[in-house]
Amino acid sequence: MEKLKLVNKYANKFVSEEEINAMAPRAVDAIRTLHSKNGEGNDFLGWTTLPTDYDKEEFARIKETAEFVKNNCDIFIVIGIGGSYLGARAVIEALKSQNYNLLAKDTPQIFFIGNTISPAMVNELVSLCEDKDICVNVISKSGTTTEPAIAFRIFRDLVYKKYSAEEAAKRIFCTTDKERGTLKNLADEQGYETFVVPDDVGGRFSVLTAVGLLPIAVAGIDIDELMAGAKFAQDSLNSEDLNENDCLKYAAIRNCFYDKGKRLECFISYEPCMTMFNEWLKQLYAESEGKDGKGLYPVSCVFSTDLHSVGQFIQESGSSLMFETCVKFGKPLSDLVIEEQEGNIDGLNFLAGKQMSYVNEKARQGTLLAHTEGGVGNLILEFDEISAANMGYLIYFFEKACAISGYILGINPFNQPGVESYKKNMFALLGKPGYESEKEKLEKELGI
Ligand code: PA5
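Figured I'd write up the structure that's included with this text. (Residues numbered from 1 in each chain as written. Predicted model: local features only at pLDDT ≥ 70, side-chain atom pairs only at ≥ 80, totals over all residues. Heavy atoms only, no water.)

The full count for this structure, using the stated rule, is 22 aromatic pairs. Aromatic pair Phe 232 and Tyr 393: ring centres 5.7 Å apart, planes at 55°, arrangement tilted. Taken together, the positions of Phe 232 in helix H10 (residues 223-236) and Tyr 393 in helix H15 (residues 388-409) put the pair 161 residues apart, joining distant regions of the chain. Relative accessible area serves as the criterion here: at 1%, Tyr 393 is assigned to the buried category. Plain terms: the ring middles of Phe 267 and Phe 398 are 6.0 Å apart, the flat faces sit at 90° to each other, and that makes the pair edge-to-face. Separated by 131 residues along the polypeptide, Phe 267 in strand S7 (residues 264-269) and Phe 398 in helix H15 bring together distant segments of the chain. With respect to burial, Phe 267 and Phe 398 carry one shared label: buried. Through successive ring pairs, a cluster of aromatic residues spans Tyr 250, Phe 267, Phe 277, Trp 280, Tyr 285, Phe 397 and Phe 398. (Phe/Tyr/Trp six-rings, centres within 6.5 Å; stacked < 30°, edge-to-face > 60°. Helix = DSSP H or I, 4+ residues; strand = E, 2+ residues; numbered from the N terminus. Buried < 20%, exposed > 50% of the residue type's maximum accessible area, 1.4 Å probe, protein only.)

Evaluation of the coordinates by the stated rule reveals 24 salt bridges. Between Glu 420 and Lys 423 there is a salt bridge whose closest N-O contact spans 3.5 Å. Linking Glu 420 with Lys 423, this pair stays in helix H16 (residues 420-430), spanning three residues, or about one helical turn. Between Glu 443 and Lys 439 there is a salt bridge whose closest N-O contact spans 3.0 Å. (Salt bridge = Lys/Arg side-chain N within 4 Å of Asp/Glu carboxyl O.)

Below, the discussion takes up the site of the ligand. Taken together, 13 residues sit near the ligand, with Ser 84, Ser 140, Ser 142, Thr 145 and Gln 283 positioned nearest. Expressed as a share of its isolated accessible area of 380 Å², the protein-covered part of the ligand is 88%. Taken together, the residues that form the shell around the ligand break down as one nonpolar, nine polar and three charged. (Near = heavy atom within 4 Å. Areas by Shrake-Rupley, 256 points an atom, 1.4 Å probe, with all protein chains shown as cover. Nonpolar A, V, L, I, M, F, W, Y, C, P; charged D, E, K, R; others polar.)

Before going further, it helps to spend a moment on the nonpolar core. Ranked by size, the top nonpolar core spans 102 residues in total, and within it Trp 47, Phe 277, Trp 280, Met 391, Leu 394 and Phe 398 carry the most contacts. Residue contributions to this core peak at 15 residues, all from H15. Sequence-distant contacts of Trp 47, that is, excluding residues within four places in its chain, are made with Leu 34, Asp 200, Val 201, Phe 205, Tyr 396, Glu 399, Lys 400, Ala 403 and Phe 414. In terms of nonpolar packing, the next biggest core, distinct from the first, is built from 24 residues, Val 122, Ile 134, Tyr 163 and Ala 187 among them. (Core = buried A, V, L, I, M, F, W, Y, C linked by side-chain atoms within 4.5 Å. Contact = heavy atoms within 4.5 Å.)

Another aspect to go through is the packing of H10 against H15. Direction vectors running N to C along H10 and H15 enclose 45°, while the axes themselves pass 6 Å from each other. Considered as vectors, H10 and H15 are oriented oblique to each other. Crossing handedness for the pair H10 and H15: right-handed. Residues Glu 225, Leu 226, Gly 229, Ala 230, Phe 232, Ala 233, Gln 234 and Ser 236 of H10 touch H15, and the partners they reach there are Ala 388, Ala 389, Met 391, Gly 392, Tyr 393 and Tyr 396. Across the contact of H10 with H15, the residue classes break down as nine nonpolar, four polar and one charged. (Axes fitted to C-alpha atoms, helices over the stretch in contact; angles between N-to-C directions. Parallel < 35°, antiparallel > 145°, perpendicular 65-115°, else oblique. Left-handed = near helix turned anticlockwise from the far one by under 90°.)

The strand order across the open sheet formed by five strands is S3-S2-S4-S5-S6, and the pairing between neighbours is parallel. Edge positions in the sheet fall to strand S3 (109-113) and strand S6 (193-196), since each has one partner strand and no second. For this sheet the average axis-to-axis angle between neighbouring strands, irrespective of direction, equals 20°. Across five bridges, strand S2 (residues 75-79) lies against S3 in parallel orientation. Paired with Phe 76 across the two strands is Ile 110, which belongs to S3. Lying over the sheet, helix H5 (residues 119-128) contacts S2 and S3, oriented at roughly 155° with respect to S3. Of the strands in this sheet, strand S4 (134-140), strand S5 (172-176) and S6 are in contact with helix H8 (residues 182-190), which crosses S5 at around 145°. (Pairing = 2+ DSSP bridges.)

Before going further, it helps to examine H16. All of the buried residues along H16 are Lys 423, Met 426, Phe 427 and Ala 428. Along its buried surface, H16 packs onto helix H6 (146-162) and helix H17 (436-446). Two residues or fewer past H16, Gly 431 is found with a positive phi of approximately 80°.

On to empty space enclosed by the protein, then. By the definition in use, this model includes one cavity of 30 Å³ or more. The calculated volume of the largest cavity comes to roughly 70 Å³. As for the largest cavity, its lining consists of Ile 268, Tyr 270, Phe 303, Glu 324, Cys 326, Arg 364, Thr 367, Leu 368, Asn 378 and Ile 380. Looking at the lining of the largest cavity, the elements with two or more residues in it are strand S9 (322-331), helix H14 (356-373) and strand S10 (378-385). Top contributing element to the lining of the largest cavity by residue count: H14, with three residues. (1 Å grid on protein atoms, 1.4 Å probe; cavity = no way out; pocket = protein on both sides within 12 Å on 5 of 7 lines; lining within 4 Å. Points joined across faces, edges and corners; volume = space filled by probe spheres on them.)

Moving on: the sheet that holds S7. Taken in spatial order, the five strands make up an open sheet running S1-S10-S9-S7-S8, and their pairing is mixed. Both edges of this open sheet fall to strand S1 (5-7) and strand S8 (297-302), since each of them pairs with a single strand only. Sheet twist, expressed as the mean angle between neighbouring strand axes with direction ignored, is 25°. Pairing of S9 with S10 involves seven bridges; the strand directions are parallel.

Written as structure tokens, this is what we have:
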């Protein structure tokens, strides 16, 4: 297996080796805090050992369930929001394509729902399920999140409309707390199969639990390989020496950028299949680090697509604001050769015989130099290919870097108190019992 390689020479103009060395003691303190499990949020460190210390019985059951789902449905509906869906969708799209649902042959289509409150999305999926066999996996650690709860009510009903009660119960799978919560109670009462989100693993760190593994396995991805890659990262990223540990060094450099006034980290990919991985990264870093008025705001781009939208801004106005972190793969999921064309009407014969990935790589190199020239520092994380093992490694790498970064920043990377504010207001405005006193005040503010 190959390690991810951090290339920081295109950031050196902006963050020198001396500055990185000056950050090293804070980074070392942070990784020690993480390893010794005595920092803030230390009751949420289960993810650190997940690649080795997981429930083997449940892992086998995930594979069996995935086989059942593959053999018994056309559409697999995955209900969840935030950390309860992003990781699975990221891995499936990275390894299979953004067009997975159009290309899937031996595996079911997979639709993610319950990640918005859009009625149109629900109606659309209900109509897609017409005359189709379906299975449902509802994922909610708390078991009480409004968005997935509404979607589950609707799709649970749909399963019961399509099948007998006995058959319906076999087609519904709940991934939630091992003993508490509305969802767990409902599952036990109705006899649905359940999978566990471990107590000590927060939502955005849960992709390597049943939360991510069941949908990923249903897509036909080798979850043993995914876990093996994560294990390799778990074993490889422990050194306290920045020159031996790229995860630690990456965490240190991004904090150097932060200390020098940068406020955005832009995650870059040159493969659209990584779009959802970028979304997963954005949640991981924003929800972990954005606290106490601190933190780098994570944004993302897929190039060259976004060079034709936000490229202008990055080139000429990005320098005071941001740096870029590019996840680069040596080869794409597939490639093609550009053929010579008689007459050369489009003037592209100078590319004849070249692989399209070669052109993409030249775009990457050109952009790297242009953006660096424009004052935007670039970090590159290099891998040879997009594989399940490498995705497992990447997940663990970014989770660990995020935890270390959070400790360098001096915040608790494992809570998300800010997420509650909108929920409180929404419940009050909806008239949820217990929120009566707030309702009137908020309605007055809104003038309704
Ligand atoms: O990372 C987190 O904890 C959150 O993004 C949660 O995953 C998200 O809010 C969904 O929560 P739950 O799984 O409890 O429905």
